[in-house]
Amino acid sequence: MTTTDMVDIQTLDRQPFRRLPFATETCLTCGICSSSCPASGLDGFDPRKFIRMIVLGQKAQLVASRWPWICTMCAKCENECPMEINITESVRNIRSLRPREEVPGILHKGLQAALETGNNLRLPQEDYEFIIEDVAEEIAEEPGYEGFRAPIDKKGANLLTTIHNKLVNTHTDDLKHWWKIFHAAGEDWTVPAGNWEGTSWGFFTGDDDAMKVMAGRILEHMQRLEISTLLWPE
Ligand code: SF4
Ligand code: SF4
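Our subject in this report is the structure included herewith. (Residues numbered from 1 in each chain as written. Chains lettered and ligands numbered in written order. Predicted model: local features only at pLDDT ≥ 70, side-chain atom pairs only at ≥ 80, totals over all residues. Heavy atoms only, no water.)

Here we look at the overall build of the protein
Within the protein one finds 12 helices and three strands. Dimensions of the protein, computed from the C-alpha atoms along their principal axes, are close to 60 × 55 × 30 Å. Pairs at least 24 residues apart make up 73% of the contacts formed inside the protein by residues separated by at least 6 positions. Accessible surface computed for the protein: about 13000 Å², of which carbon and sulfur atoms make up 53%. Of the charged side chains in the protein, 24 are positive and 35 negative; the average position of the first set lies 8 Å away from that of the second. (Helix = DSSP H or I, 4+ residues; strand = E, 2+ residues; numbered from the N terminus. Contact = heavy atoms within 4.5 Å. Areas by Shrake-Rupley, 256 points an atom, 1.4 Å probe, with all protein chains shown as cover. Lys, Arg positive; Asp, Glu negative; His and termini not counted. Charge placed at Lys NZ, Arg CZ, Asp CG, Glu CD.)

Below you can see the structure in the form of structure tokens.
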């Protein structure tokens, strides 16, 4: 094989095979996914067994178990799978079958809050704007950042960056890191005013309708503010 004959694996479209309804049935039970999975062994979780149970028609047991919620959706398993089985989509599909009020932890409540108020925390608008301005003021007190400001809803900016709830709650220092990089790069950037939540627990919990609403809000910000570049740090 010459260099020009070689296939760039990054450009291969693996989706057509993965989309086939019987794709999981091609599982070889080789266990490569299990050995590459950082969550393997937690509460007995094992992606190979997970796929096997789907093939054997044991979806109901999976839906009722903790396993789908142990997976971090990191996709290491499916990147290694020789049969290109879309393991994360299988996990997400099982999650979608759990009644919403039985979705574990704060995921369902947080998603409801986001749909109703625009963010997972139900943080009032004035508190959000206060935190954004307060963090910007702290940066402005540092040498070299005099006059620093965090633009909210700036029309025509080059870049829209989303905010996820931790950034305005327990991880405000992470906001500073991002914003200092923008400052050093001379970037023309902004953050959204309302409906600012960048975390999509609709994606995480397998709720397609909610996921579309959350993604649609980001798109609406970009159209309204006439911004073509999105940074979605979540
Ligand atoms: S790596 Fe793929 S083929 Fe092998 S056990 Fe896992 S899902 Fe099945
Ligand atoms: S996506 Fe889930 S099953 Fe796959 S490697 Fe990551 S944690 Fe494991």
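This is not the end of the story, as more comes after the structure.
Brief notes about the sheet that holds strand S3 (residues 229-231)
Within the open sheet, the three strands sit side by side as S2-S1-S3. Their pairing is parallel. In this open sheet, the two strands that pair with only one neighbour each are strand S2 (189-190) and S3. Where strand S1 (residues 159-161) and S2 come together, two bridges link them in parallel fashion. Across the sheet, Leu159 pairs through a bridge with Trp189, a residue of S2. (Pairing = 2+ DSSP bridges.)

A short note on the site of ligand 2
Neighbouring ligand 2 are Cys37, Pro38, Phe45, Pro47, Cys71, Thr72, Met73, Cys74, Ala75, Lys76, Cys77 and Thr88. When grouped by side-chain class, the residues that make up the shell around ligand 2 number nine nonpolar, two polar and one charged. (Near = heavy atom within 4 Å. Nonpolar A, V, L, I, M, F, W, Y, C, P; charged D, E, K, R; others polar.)

Quick notes on the side chain of Asn165
Tracing the sequence through the fold places Asn165 in the loop between S1 and helix H10 (172-185). Leaving out residues up to four positions away in the same chain, Asn165 has contacts with Asn120, Leu121, Trp196, Glu197 and Thr199.

Topic: the nonpolar core
Core analysis: the biggest nonpolar cluster contains 21 residues, and Phe45, Phe50, Leu62, Trp67 and Ile87 have the highest contact counts within it. At the level of secondary structure, the elements contributing two or more residues to this core comprise helix H3 (47-55), helix H4 (59-64), helix H5 (67-70) and helix H7 (87-96). Counting residues per element, this core draws most heavily on H3, which supplies four residues. Those residues in contact with Ile87, other than ones at most four positions away along the chain, are Cys33, Pro47, Ile51, Cys77 and Glu78. With 20 residues, the next largest nonpolar core counts Ile132, Val135, Ile139 and Ile163 among its residues. (Core = buried A, V, L, I, M, F, W, Y, C linked by side-chain atoms within 4.5 Å. Buried < 20%, exposed > 50% of the residue type's maximum accessible area, 1.4 Å probe, protein only.)

Quick word on the pattern of salt bridges
Enumeration over the complete set of coordinates arrives at 10 salt bridges. With its nearest N and O atoms 2.8 Å apart, the salt bridge here joins Asp208 to Arg92. Placement of the pair is Asp208 in helix H12 (residues 208-225) and Arg92 in helix H7, with a sequence separation of 116 residues. A salt bridge links Glu220 to Arg224, with the shortest nitrogen-to-oxygen separation between them at 3.4 Å. Residue Glu220 and its partner Arg224 are located together in helix H12, separated by four residues, close to a single helical turn. With relative accessibility at 33%, the residue Arg224 sits in the partly exposed group. (Salt bridge = Lys/Arg side-chain N within 4 Å of Asp/Glu carboxyl O.)

Side note on the site of ligand 1
In the vicinity of ligand 1 lie 13 residues, with Cys27, Cys30, Gly31, Cys33 and Cys81 positioned nearest. Here the shell around ligand 1 is composed, by residue class, of 10 nonpolar, two polar and one charged.

Here we look at the packing of helix H9 (residues 125-140) against H10
At a minimum axis separation of 10 Å, H9 and H10 run at an interaxial angle of 60 degrees. For the pair H9 and H10, the sense of crossing is right-handed. Two secondary-structure elements touch here, H9 through Ile131, Ile132, Val135, Ala136, Glu138 and Ile139 and H10 through Thr172, Leu175, Lys176, Trp179 and Lys180. (Axes fitted to C-alpha atoms, helices over the stretch in contact; angles between N-to-C directions. Left-handed = near helix turned anticlockwise from the far one by under 90°.)

Remarks on unusual backbone geometry
A positive phi is found at Asp43, a non-glycine position, where the angle reads about 55 degrees. Here Asp43 lies in the loop between helix H2 (32-36) and H3. A positive phi angle is found at Glu226, which is not glycine, with a value near 55 degrees. Topologically, Glu226 is positioned in the loop between H12 and S3.

Concerning the packing of H3 against H7
Between two packed helices, what matters for the description is the angle formed by their axes and the separation of those axes. Two numbers describe how H3 lies on H7: the axes approach to 11 Å, and their chain directions differ by 60 degrees. Put simply, H3 runs oblique to H7. Note on packing geometry: the crossing formed by H3 with H7 is left-handed. Touching Pro47, Phe50, Ile51 and Ile54 of H3 are Ile87, Ser90, Val91 and Ile94, all from H7. Looking at side-chain class alone, the contact of H3 with H7 contains seven nonpolar, one polar and no charged residues. (Parallel < 35°, antiparallel > 145°, perpendicular 65-115°, else oblique.)

Honestly, it's all geometry; don't read function into it.
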